[in-house]
Amino acid sequence: MATEERNLNATAQLAAAVVPAAGRGERLGPGAPKALRELGGVPLLVHAVRALARSRAVGLVVVCAPPDGVAEVVGLLDSHGLEGDDVRVVAGGATRQESVRLGLAAIPADIRVVLVHDAARPLVPVEVVDAVAAAVRSGHPAVVPAVPLADTVKRVEPQPAGAPEPVLDTPDRSTLRAVQTPQGFDRAALHEVHLKALTEETSVTDDAGLIEHFGGRVVVVPGHEEAFKVTRPLDLVLAEAVLARRRATDGY
Ligand SMILES: Nc1ccn([C@@H]2O[C@H](COP(=O)(O)OP(=O)(O)OP(=O)(O)O)[C@@H](O)[C@H]2O)c(=O)n1
Ligand SMILES: C[C@](O)(CO)[C@H](O)COP(=O)(O)O
């Protein structure tokens, strides 16, 4: 696992990354906003930005902070050596989609490739970041990393709390993937669909979903099991174990 640190370098030849980090983390339980919760003594957000900075394909990182926490996030990143023109902080919005749209607005016009990476995915291996960026550079306007599923999936008809849910169908698991981030885009394509979504009041759970909603094509590249999203308390336990293994084996 490459753990080499490098400085970011905001040039048009490199991709910019938007890091939505403005969520409350309600599923994680009471406490600070999720991106500011610590993993191995370091905020999730810092792990995520460092993961992006390890990629030679990424030059600029724009962090979408909790609207009332921009100054705190600036100070936090600065205290972890992530300061300067190549790491910018803007106020996020009420939804992940709005946060991404606000982050996009902070990217210089000459940058053509944009990655969008959840602060809640702190341990994404650099190989995944590189693969997503390379796939966009090769001509795919929208790219997602994803992993196969280990459970059978069933589509159900939601019922009131406590009532059993009728199963509607069971998709062939081999045709399903769990989608991760960073997701990669041609900047103009992503900008267009976010503007359309704002106008039409369309909201979906990931940026690639916006591309699909408006008729665009998305391709999948291999993700990684360590790029999982820290959503619930058990995810933080798993992340601590992954980090401990990396620190023991890679000097992470
Ligand atoms: N208004 C929001 C909501 C979410 N996010 C970010 O989007 C990513 C994925 O969202 P999720 O895992 O759902 O985070 P939360 O919204 O914080 O979690 P919860 O739904 O449990 O509150 C996270 O990095 C989160 O900080 C964001 O930037 N702005
Ligand atoms: C963007 C994402 O991480 C792709 O799997 C996921 O959709 C985020 O969902 P959340 O409910 O906003 O965490």
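Residues numbered from 1 in each chain as written. Chains lettered and ligands numbered in written order. Predicted model: local features only at pLDDT ≥ 70, side-chain atom pairs only at ≥ 80, totals over all residues. Heavy atoms only, no water.

## Examining the site of ligand 1
Close contacts around ligand 1 come from 18 residues, with Pro20, Gly25, Glu26, Arg27 and Lys34 the closest. Lys34 places a side-chain nitrogen or oxygen 2.8 Å from an oxygen atom of ligand 1. For ligand 1, a nitrogen atom lies 3.2 Å from a polar atom in the backbone of Thr95. Protein chains bury 87% of the 560 Å² of accessible surface belonging to ligand 1 in isolation. Considering only residue class, the shell around ligand 1 consists of six nonpolar, five polar and seven charged. (Near = heavy atom within 4 Å. Polar contact = N/O pair within 3.5 Å; in protein donor to acceptor, adjacent residues only side chain to side chain. Areas by Shrake-Rupley, 256 points an atom, 1.4 Å probe, with all protein chains shown as cover. Nonpolar A, V, L, I, M, F, W, Y, C, P; charged D, E, K, R; others polar.)

## Focus on the site of ligand 2
The local shell around ligand 2 consists of Arg27, Arg96, Asp118, Arg121, Val179, Thr181, Thr205, Asp206 and Lys229. In the model, an oxygen atom of ligand 2 is placed 2.9 Å from a nitrogen or oxygen of the Arg121 side chain. One nitrogen or oxygen atom from the main chain of Thr205 is found 2.9 Å from an oxygen atom belonging to ligand 2. The fraction of the free accessible surface of ligand 2 (360 Å²) that becomes covered by protein chains is 75%.

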